[in-house]
Structure formats: C-alpha cells, structure tokens
Amino acid sequence: MKNTFISLLCALHAFAVRLYAPASPHTIYISKDKIYQFINNNLLMNVINTNVLIIGAGVYGIGLANHLYGQKRSFVIAGKFMDLWRNHTFENMELRSDFSTSEITHPENRFSSDLFLRDHPEFEIYRNKHLPVIVYRAYLNWVENNLEYPVINDLIENLDFCTGNTSKKKFCAVLKINKNTMIYSNKVVIASGLSHHLFIPLELNQIPENVIHSYESRKIEKLGNIKVLVVGGGQSAAESIEVLIKKNNDVSWLSRHSTVYLEQPVNISTWLFSMIIKSSGLFYRCPSWLRKFIILLLSRPTIRPGFKPILEKVTKTDHVVKSSHMIYSKIISATGFKYKLDNYTFLSSKIKLSIKTAHNIPVLDKSFQSTLRGVYFTGGIAETRFGTALKFIIGSHYACKNIAKNLFD
Ligand SMILES: Cc1cc2nc3c(=O)[nH]c(=O)nc-3n(C[C@H](O)[C@H](O)[C@H](O)COP(=O)(O)OP(=O)(O)OC[C@H]3O[C@@H](n4cnc5c(N)ncnc54)[C@H](O)[C@@H]3O)c2cc1C
C-alpha cells in the first residue's frame, strides 16, 4: 500500500515535470529514493502519544504494566517479552527462587502460581519447589497469552527530550527495528534489566572475540570439544561449567574466592534472607551506612549445593589471566553485572546529563523517580536505594505497585 502510494507520487512528479518544463535545462528530477525518504520521515511516521512509556518487557516492565492497566491508565510498553528467561538462561537449569516468589505481579493476582497450576495440572509437582527453567518458560507463555494489553516487540533505540513536537509531550522515543515509529510520552519508566550492564574485567577482555559473558547462554550452549576457562565464583559460573562439561569441553575454572554452597543466592541464613528480601520500603528508610553494609553483606556469591560433585571434579586454575588467551579457545566471564547510568546506550547524552547520580547510579526518590522529573528506574539498578530484593523477581511486587501508585500523584 505504502509502496504503491510512493510509486504513484513519483509517476505524478515525473509527469508534472515533463508537462510544465519539457526542455528546460534547469529541470530537476527528484529521485524515487529521495521522495521515499521524505514521505517516510514526514508523512508516514507512525506517531504514538501516551502518558507513560515503559522501556522493558521483563518481570519489572510487565509487572508495572499490569498495575497501570488495573488503574485504567494509558501507557505503552516496548521490549522483548521476558528476554532474560527465554534467551539468556540455560534450558536445563532451575530457578533459585521457588514458584511463589517468582510470580509476575498483578493487582488482582491473575498470574499466581495457583491459577497457572489450575490451568496446567501437569506441572503440579513443582508447586513448592524450585522450578526448572523450561517450566518457568511455560508459565511465562501462559502469562503472555493472558496479557490484557499489547506489548511492542521492539527495543527503544533512542530516548531524548522532544523538541518542537506538536503533542507537547516531554520525551520522544524511536524504536530500533520499526524506526518509523515515534513515541511521545510525558513519563518514562526504565525497566530494561541486565543486558546493558554486563561486567567483563579489563584483563579478560584483551581479545574480546574470545570472551563470552555468561549472560550469552545460547553461545555457551553451542560450544563443544574445545578448551574453555570459566572465570567467576557464583551460580552462573557453576551452571556454565555443567553445560560445558556435558558438551565434552575441556573445562578449567578460575575463582578468586573460596566457594560457598547454599540454596539461597546470598551468604546468610534463609530466614534473614527472606526477611530482608521482603522489606524494600523499610530498606529505603535506613541510613545510608546501614544500606551500604547490608548490600556488602549480601554481595558474596553462592552456589547451589547440588553443583558440588561436578565442581569438585573440575580442574581449578590460578593462571595469570593475561596468558589465558594462549591456552584456552574461549573464556567464559561469569563475572556478573555492574549497573551504571552510562551503560544505557538508548539514553541521549542530554537526558543522562540531567540525571543526578551517585557512583554513576541514578539517585532515586521513594517512588523510584530520578532527579529528572518524569524519568523512573526500576529493577537491579535500584538495589542501592531499595535493597537486594530489586535484583530478584520478588522485588517487582513492591516496586511495580509503588511506581504505579505514585506515577500520577
Ligand atoms: C542467569 C540468571 C538467573 C537468575 N535467576 C533468578 C531466579 O531464580 N530468581 C530470581 O528472583 N531472580 C533471578 N535472576 C535475577 C533476574 O535478573 C530478575 O529476577 C528479573 O528477571 C529481572 O527482571 P527485569 O525486568 O529487571 O529484567 P529482564 O527480565 O532482563 O527484562 C529486561 C527487559 O528490558 C528489555 N530491554 C532491554 N533494552 C531495551 C531497550 N533498549 N528498549 C526496550 N526494551 C529493552 C528487554 O528486551 C526485556 O524485555 C536471575 C538472573 C540471571 C542473569
């Protein structure tokens, strides 16, 4: 339809030029490409106006969308639906959280494990257990099929202040694949998860093409029959090692810390962990020295005890990392994530400069709003303000309810 319209316009243009200036040496023919570009940029731009743009369709983005939908608010959500769980986790692994603490938040609890198990009794055996990733993916497919609003399956390529727009909205976003779509919004919630914050130590990254971050699980699953070094002392390192050994790789492991085997992801007792994890609101009110202390206490990685037999057999190395590139075909950097405002490639430098940070992490108020009014951050990047829960699915219940409640005050 669009192409026919453009071809028609080109033909009309050529006809008009011939009719009115048949022999003039000054006649300028405008190429079809130029007309196409002009029309795309000016006439066929798909414009979406909204009050709230949610960037990210993971646990946090979808949770917030559920709460805003419940309040009958206008919003637009863009991102790859549950990208972490569908594309960046190992198929044969289990979640560390149990089912009840891995539910997607909804104001009427429509995505509870109970409702899912009622629809899918074949998964009943997992009710009070750690879920295999494939069962969690089935749960997320069920969530997706029951969503009450559309999700734009695309990424935001650029978010900037609007200039000279007719809709008088504050922020303008352009999509990555569908570049012709411009989203005008008053408020933006950034819930874009981990993918922008992969941390690879400098000394490992001398030959970047040899290094794979553990987030790239699909790439790791494809490796077979080669010499691999896994660097890191947490659950991702353990999972990578198991996957690599199954595929006949010759695996060595470099971990700077002694290994702590525990069911929960941090090195404290289960009751204290579950208490801390449920108290994001309280954490916000703690003095900053106490917040720092708690985060430090909870930063030591642990590995599920089930991995002990495999890890005890793997070759441990203390190779100077510098020489590793000569010995190993691939290095897996299971070295976690470091949140920084600078990492968000889709934020314009003007927006970044307008946001006050502490150690390059946005300063947030009690409703997750940054110092740039109208821009909110949630998920792991809010950990320093709202506690360790924000690094996990369970933190989304507090965060999404809180943001949805305060977004329109
Ligand atoms: C290997 C691994 C295992 C984990 N296991 C557990 C567990 O068992 N239990 C637990 O509670 N937590 C676990 N976590 C923590 C996990 O990060 C959180 O639980 C949660 O999934 C994070 O949700 P999120 O919405 O912040 O991010 P994600 O789920 O990563 O979602 C991010 C969203 O942002 C989108 N996005 C990114 N960039 C853009 C852009 N430019 N424009 C638009 N959208 C964009 C993505 O497409 C995606 O939709 C695990 C993390 C990892 C890495």
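Residues numbered from 1 in each chain as written. Predicted model: local features only at pLDDT ≥ 70, side-chain atom pairs only at ≥ 80, totals over all residues.

### Quick look at the overall build of the chain
Scanning the chain from terminus to terminus reveals 16 helices and 15 strands. Burial statistics for the chain: of 409 residues in total, 35% are counted as buried. Taking contacts inside the chain between residues at least 6 apart in sequence as the whole, the part at least 24 apart equals 66%. (Helix = DSSP H or I, 4+ residues; strand = E, 2+ residues; numbered from the N terminus. Buried ≥ 20, exposed ≤ 12 C-beta atoms within 10 Å, placed from the backbone. Contact = placed C-beta atoms within 7 Å.)

### Points about the environment of Gly61
Tracing the backbone through its elements, the reader meets Gly61 in helix 3 (residues 59-70). Judged by C-beta crowding, with 27 C-beta atoms within 10 Å, Gly61 ranks as buried. Taking C-alpha positions, Gly61 is 8.6 Å from Gly79, a pair spaced 18 residues apart along the chain. Beyond its immediate stretch of four places on either side in the chain, Gly61 contacts Ile54, Gly56, Ile77, Gly79 and Ala191.

### Overview of the packing of helix 3 against helix 16 (residues 395-406)
When two helices pack together, their arrangement is given by the angle between the helix axes and by the axis-to-axis distance. Contact pair helix 3 / helix 16: the axes reach a minimum separation of 9 Å and the direction vectors enclose 45 degrees. Taken together, the axis directions place helix 3 and helix 16 in an arrangement best described as oblique. Regarding helix 3 and helix 16, the two cross each other, and that crossing is right-handed. Residues Val59, Tyr60, Gly63, Leu64, His67 and Leu68 of helix 3 form the contact with helix 16, whose own contacting residues are Ser396, Ala399, Cys400, Lys401, Ile403 and Ala404. (Axes fitted to C-alpha atoms, helices over the stretch in contact; angles between N-to-C directions. Parallel < 35°, antiparallel > 145°, perpendicular 65-115°, else oblique. Left-handed = near helix turned anticlockwise from the far one by under 90°.)

### Side note on the pairing of strand 1 (residues 46-55)
Note: strand 1 against strand 7 (residues 181-190), 9 bridges, orientation parallel. From the neighbouring strand, Ile55 faces strand 7, where its bridge partner is Ile190. For strand 1 and strand 2 (residues 75-78), the ladder comprises 4 bridges, and the chain directions are parallel. Bridge assignment links Leu53 to a residue of strand 2, and that residue is Val76. (Pairing = 2+ DSSP bridges.)

### Points about the sheet that holds strand 10 (residues 250-254)
Strand order in this open sheet of 5 strands is 8-12-9-10-11, and the pairing throughout is parallel. The two strands at the open ends of the sheet, each matched to only one other strand, are strand 8 (211-213) and strand 11 (315-316). Sheet analysis places strand 8 next to strand 12 (residues 330-333), joined by 3 bridges and oriented parallel. Note that in strand 12 the partner of Val211 across the bridge is Ile331.

### Focus on helix 3
With 12 residues, helix 3 should reach 16 Å at 1.5 Å per residue; the first-to-last C-alpha distance of 17 Å fits that figure. Counting buried positions over the 12 residues of helix 3 gives 10, a clear majority of the element. Among all positions in helix 3, only Val59, Tyr60, Gly61, Ile62, Gly63, Leu64, Ala65, Asn66, His67 and Leu68 are buried. Where the residues of helix 3 are buried, they touch strand 1, strand 2, strand 7 and helix 16. Just downstream of helix 3 lies Lys72, where phi reads positive at about 60 degrees. (Expected span 1.5 Å × (residues − 1).)

### Observations concerning the confidence of the model for the chain
In the predicted model, the chain carries a mean pLDDT of 87, and 84% of its residues have values of at least 70. Here residues 19-28 is a poorly scored stretch, pLDDT under 50, and it has 2 contacts once near neighbours within four places are set aside; other chains count. (pLDDT = per-residue confidence, 0-100.)

### Quick look at unusual backbone geometry
Trans peptide bonds make up most of the peptide bonds, and negative phi angles are found at most residues other than glycine. In this structure, Lys72 takes a positive phi of about 60 degrees despite not being glycine. In this structure, Lys72 sits in the loop between helix 3 and strand 2. Taking the C-beta count within 10 Å as the criterion, Lys72 has 6 such neighbours and is therefore assigned exposed. The backbone of Asn360 shows a phi angle near 65 degrees, a positive value even though the residue is not glycine.

### Digging into the nonpolar core
Of all hydrophobic cores here, the largest spans 65 residues; its most connected members are Leu53, Ile54, Ile55, Leu64, Val189, Ala399 and Ile403. With 6 residues, the top contributor of residues to this core is helix 3. Every residue in contact with Leu64, bar those within four places of it in the chain, is listed here: Ile54, Val189, Ala191, Cys400, Ile403 and Ala404. Formed by 21 residues, the second largest nonpolar core is a distinct cluster that contains Ile220, Ile241, Leu244 and Tyr328. (Core = buried A, V, L, I, M, F, W, Y, C linked by C-beta atoms within 7 Å.)

### What about the site of the ligand?
Taken together, 31 residues are adjacent to the ligand, and Gly56, Gly58, Gly79, Gly193 and Gly379 come closest. Every element with two or more residues in the shell around the ligand is listed here: helix 3, helix 4 (83-87) and strand 3 (94-98). (Near = placed C-beta within 6 Å.)

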